[in-house]
Amino acid sequence: MSDINDGTGVQTLTVTGDDNDTRIDKWFWRHFPGLGKTMLYKLMRKGQVRLNGGRVKPDTRVFAGYEVRVPPMPAEAYQPKVVVERPLTSEERAKKRAALQKITLYEDRDVLVLNKPFGLATQGGSKVKRHVDGMIAILETDKVKPKLVHRLDRETSGVLMVAKNAAAARALGRSLKSRDVQKFYWALVAPTPQMNDGIIEARIAKGPARGGEYMMVNDEEGKYSKTEFWIVEKAFRKAAWLLMKPETGRTHQLRVHAQLMGSHIIGDSKYGPEEPLEIEDLSHADKLHLHARRVICPHPNGRDVIDVTAPLPPHMAESFTYFGFDENVAEGFYEDAK
């Protein structure tokens, strides 16, 4: 990218209704699609990007009528970066479709629901080549524009919803924002929490990193988070199977809330103790035991309800057998949880 001073001068642009309630970094990429992430964030850190006269962070939200100070932009910032990709062969397309079909739980003209495997990233990154976002691209046509409407951590398995068109994406987004979507997670934790059920509430925010993104309680700057939980079965004081229902969707929320119970999700090296509780002969104790088990959501068509359950990943199924937990026992808890 050429020097930023080679482009246009400083501009003051007014946010329109189409961009209302949008992150400012996404606003920039919508209007300056060729602007690199590193350069944009550098401009923000130096205070060259302003919103109504004030400094901004990448996640600052813009609303209709707000004024954005745009520093000088290079000419290439106005044009999307051109990526020339080799067209897939028919054999490669068939292979990608088969891989996607293998993890599909539900599909209709508007919605695709997947059972995301443990270890598969939801979205790509500099060091991530295989991810769900890339897998669903195989479905794209003139009428189908698949889009993820929420995320799961790479180590969290289970139900993941995809909108297949813009109208469905907007409808599902509204449902998620208004908390009309019920999400149920299964987690194996150690040691067994003292309370059989309860509600965890806390304000959480990013804290000092422990090998990457790390969330912690911050009463002043944190965002409100709430989770209901029930112990479904216990392995004495050693471990327990939890049904967890998050009412909010904060980063690493369930992992932090398990920590606040005085416990941790088995396999969670980030939020567990420095020396995790050892469970003799438990295979896969190093893998996160957190699974998005079930999602109940209004269908974008406004008439139906989507109710999808995802089978356990292999490592959690083995752990259930190890502890003697019976998956069917959870059915009696859902009525209380709804």
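Just so you know, these numbers come straight off a predicted model, no measurement behind them. (Residues numbered from 1 in each chain as written. Predicted model: local features only at pLDDT ≥ 70, side-chain atom pairs only at ≥ 80, totals over all residues. Heavy atoms only, no water.)

Section: the layout of surface pockets
For step 1, the next point in the chain: Here the second largest pocket is characterised by a volume of approximately 300 Å³.
For step 2, the next point in the chain: Looking at the second largest pocket, the residues that line it are L88, E92, K95, K96, A99, K129, R130, H131, G134, M135 and I138.
For step 3, the next point in the chain: For the lining of the second largest pocket, the secondary-structure elements that each account for two or more residues are helix 3 (90-102) and helix 4 (132-136).
For step 4, the next point in the chain: The dominant element in the lining of the second largest pocket, judged by the number of residues it contributes, is helix 3, at four residues.
For step 5, the next point in the chain: Residues that form the lining of the second largest pocket fall into these classes: four nonpolar, two polar and five charged. (1 Å grid on protein atoms, 1.4 Å probe; cavity = no way out; pocket = protein on both sides within 12 Å on 5 of 7 lines; lining within 4 Å. Points joined across faces, edges and corners; volume = space filled by probe spheres on them. Helix = DSSP H or I, 4+ residues; strand = E, 2+ residues; numbered from the N terminus. Nonpolar A, V, L, I, M, F, W, Y, C, P; charged D, E, K, R; others polar.)

So, helix 5 (residues 166-177)
For step 1, the next point in the chain: Taking 1.5 Å as the rise per residue, helix 5 with twelve residues should run 16 Å; its terminal C-alpha atoms sit 16 Å apart, in good agreement.
For step 2, the next point in the chain: Within helix 5, burial applies to A168, A169, A171, L172 and S175. Each buried residue of helix 5 lies within a common arc of 165 degrees when the element is viewed along its axis, so the set occupies one face. Of the exposed residues in helix 5, the ones pointing more than 90 degrees away from its buried face are R170, R174 and K177.
For step 3, the next point in the chain: Those residues of helix 5 hidden inside the fold are in contact with strand 8 (111-116), strand 9 (147-148), strand 10 (157-163) and strand 17 (290-298).
For step 4, the next point in the chain: Among the residues of helix 5, the N-terminal cap falls to N165, whose side-chain oxygen and the backbone nitrogen of A167 are separated by 3.3 Å.
For step 5, the next point in the chain: R179 sits one or two positions beyond helix 5 and adopts a positive phi of about 65 degrees. (Expected span 1.5 Å × (residues − 1). Buried < 20%, exposed > 50% of the residue type's maximum accessible area, 1.4 Å probe, protein only. Arc of directions from axis to C-beta. Contact = heavy atoms within 4.5 Å. Polar contact = N/O pair within 3.5 Å; in protein donor to acceptor, adjacent residues only side chain to side chain.)

Here's the deal with the environment of D25
For step 1, the next point in the chain: Topologically, D25 is positioned in helix 1 (residues 24-31).
For step 2, the next point in the chain: When the C-alpha atoms of D25 and V62 are compared, they prove to be 9.6 Å apart, with 37 residues separating the residues in sequence.
For step 3, the next point in the chain: For D25, the contacting residues outside a window of four places in its chain are L40, Y41, M44 and P58.
For step 4, the next point in the chain: Among the polar contacts made by the side chain of D25, one reaches the side chain of Y41 at a distance of 2.9 Å.

Notes on the sheet that holds strand 4 (residues 54-55)
For step 1, the next point in the chain: One open sheet holds the four strands; their spatial order is 1-6-3-4, and the pairing between them is antiparallel. Unpaired on one side and paired on the other, strand 1 (11-14) and strand 4 mark the two borders of the sheet.
For step 2, the next point in the chain: Where strand 1 meets strand 6 (residues 67-70), four bridges bridge the pair, whose relative direction is antiparallel. Counted as the bridge partner of Q11 is V70 from strand 6.
For step 3, the next point in the chain: Sheet contacts for helix 1: strand 1 and strand 6; angle to strand 6, the most-contacted strand, approximately 65 degrees. (Pairing = 2+ DSSP bridges. Axes fitted to C-alpha atoms, helices over the stretch in contact; angles between N-to-C directions.)

A few points about the nonpolar core
For step 1, the next point in the chain: Ranked by size, the top nonpolar core spans 31 residues in total, and within it L100, L114, I136 and M244 carry the most contacts.
For step 2, the next point in the chain: Elements that contribute at least two residues to this core include exactly strand 8, helix 4, strand 10, strand 11 (182-190), strand 14 (223-235), strand 15 (239-246), helix 6 (253-260) and strand 17.
For step 3, the next point in the chain: Dropping the residues within four chain positions of it, L114 is found in contact with L100, I103, T104, L105, V132, I136, G158, V159, L160 and V162.
For step 4, the next point in the chain: Counting residues in hydrophobic clusters, the runner-up holds 21 residues, among them V232, L243, I266 and F323. (Core = buried A, V, L, I, M, F, W, Y, C linked by side-chain atoms within 4.5 Å.)

Quick notes on the confidence of the model for the protein
For step 1, the next point in the chain: For the protein, per-residue confidence averages 89 on the pLDDT scale, and 93% of positions sit at 70 or higher.
For step 2, the next point in the chain: Long-range and interchain partners of residues 1-6, a stretch whose pLDDT sits below 50, account for 15 contacts in this model, where long-range means more than four residues apart. (pLDDT = per-residue confidence, 0-100.)

Quick look at the side chain of D19
For step 1, the next point in the chain: Relative to the assigned elements, D19 resides in the loop between strand 1 and strand 2 (22-23).
For step 2, the next point in the chain: Overall, the relative accessible area of 3% leaves D19 in the buried class.
For step 3, the next point in the chain: At 2.4 Å, the side chain of D19 forms a polar contact with the side chain of R30.
For step 4, the next point in the chain: When near neighbours in sequence (up to four residues on either side) are disregarded, D19 contacts W27, R30, H31 and V62.

A closer look at the side chain of S175
For step 1, the next point in the chain: Tracing the backbone shows S175 in helix 5.
For step 2, the next point in the chain: When residues no more than four places from it in sequence are discounted, the contact partners of S175 are D180, V181 and P298.

Re the environment of G267
For step 1, the next point in the chain: Its place among the elements puts G267 in the loop between strand 16 (264-265) and strand 17.
For step 2, the next point in the chain: Sequence spacing of G267 and D133 is 134 residues, and the spatial spacing of their C-alpha atoms is 25 Å.
For step 3, the next point in the chain: The residues contacting G267, other than those within four sequence positions of it, are A285, D286, K287 and L288.

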